[in-house]
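So you can see what is in the structure, the chains are spelled out below.
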Amino acid sequence: MKTNTISKEMREVNVLRYGATKIYVDNGETLRMQVKIQLDDECKNGVYSWSVTADIYIKNVAEVIIILRAVVAMKKY
């Protein structure tokens, strides 16, 4: 059984990152969501960790800005 399905190119780079920003308007509130996804092998031992981070900025009709952050991660050594 093959357990390491990461490509040779990925092993050489040791990091894969993706980011996106979306803006929504709903009932007078402007919501901006910035999402970052990362897969990497910092130790270069063939064991990869991943994380998903979302920063949400909410600007309501009173011009008050609310910042929320959500993080999901898995790290294995």
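Residues numbered from 1 in each chain as written. Predicted model: local features only at pLDDT ≥ 70, side-chain atom pairs only at ≥ 80, totals over all residues. Heavy atoms only, no water.

Peer 1: Which parts of the structure should I look at to understand the overall build of the chain?
Peer 2: From N to C terminus, the chain includes one helix and four strands. The helix and strand sequence of the chain, counted from the amino end, reads α-β-β-β-β. The buried share of the chain, taken over its 77 residues, is 14%. Expressed as a percentage of contacts within the chain between residues at least 6 apart in sequence, the contacts between residues at least 24 apart total 29%. Carbon and sulfur atoms form 57% of the exposed surface of the chain, whose accessible area is close to 6200 Å². (Helix = DSSP H or I, 4+ residues; strand = E, 2+ residues; numbered from the N terminus. Buried < 20%, exposed > 50% of the residue type's maximum accessible area, 1.4 Å probe, protein only. Contact = heavy atoms within 4.5 Å. Areas by Shrake-Rupley, 256 points an atom, 1.4 Å probe, with all protein chains shown as cover.)

Peer 1: Just to check I follow, could you spell out a nonpolar patch on the surface for this structure?
Peer 2: Residues Tyr18, Ile37, Trp50, Val52, Val72 and Met74 make up a contiguous nonpolar surface patch of roughly 520 Å² in combined accessible area. Only strand 3 (49-59) and strand 4 (65-74) provide two or more residues apiece to the nonpolar patch. Structurally, Ile37 is set in strand 2 (residues 29-40). Among the residues examined, Ile37 registers a relative accessible area of 38% and is labelled partly exposed. (Patch = residues over 30% accessible without salt bridge, like charges linked within 9 Å, V, L, I, M, F, W, Y side chains within 5 Å. Salt bridge = Lys/Arg side-chain N within 4 Å of Asp/Glu carboxyl O.)

Peer 1: What is the right way to look at the pattern of salt bridges in this model?
Peer 2: Two side chains carrying opposite charge are able to pair once their charged atoms lie near each other. Inspection of every chain in the model, using the stated rule, returns two salt bridges. The shortest N-O distance in the salt bridge between Asp55 and Arg69 comes to 2.6 Å. With Asp55 in strand 3 and Arg69 in strand 4, the pair connects residues that are 14 residues apart, well separated along the chain. Among the residues examined, Asp55 registers a relative accessible area of 6% and is labelled buried. Close ionic contact of Glu63 with Lys59 constitutes a salt bridge, the shortest N to O distance being 3.1 Å.

Peer 1: Just to check I follow, could you spell out unusual backbone geometry for this structure?
Peer 2: Peptide bonds are mostly trans, and most non-glycine residues show a negative phi. Located in the positive-phi region is Asn27, a residue other than glycine, with phi close to 50°. Locating Asn27 in the fold gives a position in the loop between strand 1 (15-26) and strand 2. The phi torsion at Glu63 lies on the positive side, around 65°, for a residue other than glycine.

Peer 1: Would you take a moment to explain the sheet that holds strand 2 for this structure?
Peer 2: Sheet strands pair by backbone hydrogen bonding; their relative direction is either parallel or antiparallel. Here four strands make up an open sheet; going across it, the order is 1-2-3-4 and the pairing antiparallel. Looking along the sheet, the strands with just one partner apiece sit at the ends: strand 1 and strand 4. When the angles between neighbouring strand axes are averaged without regard to direction, this sheet yields 10°. Across ten bridges, the pairing between strand 3 and strand 4 is antiparallel. Bridging from a neighbouring strand, Ala54 pairs with Ala70 of strand 4. (Pairing = 2+ DSSP bridges. Axes fitted to C-alpha atoms, helices over the stretch in contact; angles between N-to-C directions.)

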